[in-house]
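# Observations on chain architecture
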Amino acid sequence: TFAHEGIYGAVEVELEDFIKVTVSNNHLLYTGSAFESREATMAKNVKIGDMLVSSDGSAKTVISVKDTEAELVNILTMEGSVELENGVIISTHSFHETLYSAIFYPIKMMYK
């Protein structure tokens, strides 16, 4: 399900293996060395040298962060995270994971 879609201000994060992740400024990216110890960080606060969590168990080093505009889609999922095609795992939320999880809990229960 899509909550919104269109051209928005965004952040493009480039990783050490030239993988690029483009998300809204307030989208939560998982920084840290592993999924278990991840920290949800707004994309606009990610810095060069931070590590993004990936599905293969490794962490990818951020080598570039820049403001941009991009066509973005806000998806709603049953899970709180999603794996991108490039293996990076990101949150499906913006601003605050716990708050969004609580707000969407009744909707998730309708579909279980």
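Residues numbered from 1 in each chain as written. Predicted model: local features only at pLDDT ≥ 70, side-chain atom pairs only at ≥ 80, totals over all residues. Heavy atoms only, no water.

Among the six residues in strand 8 (residues 89-94), six count as buried, and that is most of the element. With two bridges joining them, strand 3 (residues 27-31) and strand 8 adopt antiparallel strand pairing. Across the sheet, Leu-29 pairs through a bridge with Ile-90, a residue of strand 8. Pairing of strand 7 (residues 81-83) with strand 8, which is carried by three bridges, proceeds in the antiparallel orientation. (Buried < 20%, exposed > 50% of the residue type's maximum accessible area, 1.4 Å probe, protein only. Helix = DSSP H or I, 4+ residues; strand = E, 2+ residues; numbered from the N terminus. Pairing = 2+ DSSP bridges.)

Turning to the confidence of the model for the protein, a few remarks are in order. Any region with low pLDDT has predicted coordinates that should not be read closely. Taken residue by residue, the protein gives an average pLDDT of 84. The fraction at 70 or more is 84%. When mean pLDDT is compared element by element in the protein, strand 5 (residues 51-53) scores highest at 94, while helix 1 (residues 97-110) scores lowest at 68. (pLDDT = per-residue confidence, 0-100.)

Before going further, it helps to examine the packing of aromatic side chains. The relative placement of two aromatic rings is captured by the distance of their centres and the angle of their planes. Counted under the stated rule, the structure contains one aromatic pair. With a centroid separation of 5.8 Å and 90 degrees between ring planes, the pair formed by Tyr-30 and Phe-35 is classed as edge-to-face. The class for Tyr-30 is buried, based on a relative accessible area of 2%. Above the plane of the ring of Tyr-30 lies Arg-38, whose end atom (NZ or CZ) is 5.0 Å from the centre. We note Arg-38 situated over the ring of Phe-35; from NZ or CZ to the ring centre the distance is 3.8 Å. (Phe/Tyr/Trp six-rings, centres within 6.5 Å; stacked < 30°, edge-to-face > 60°. Lys NZ or Arg CZ within 6 Å of the ring centre and 35° of its normal.)

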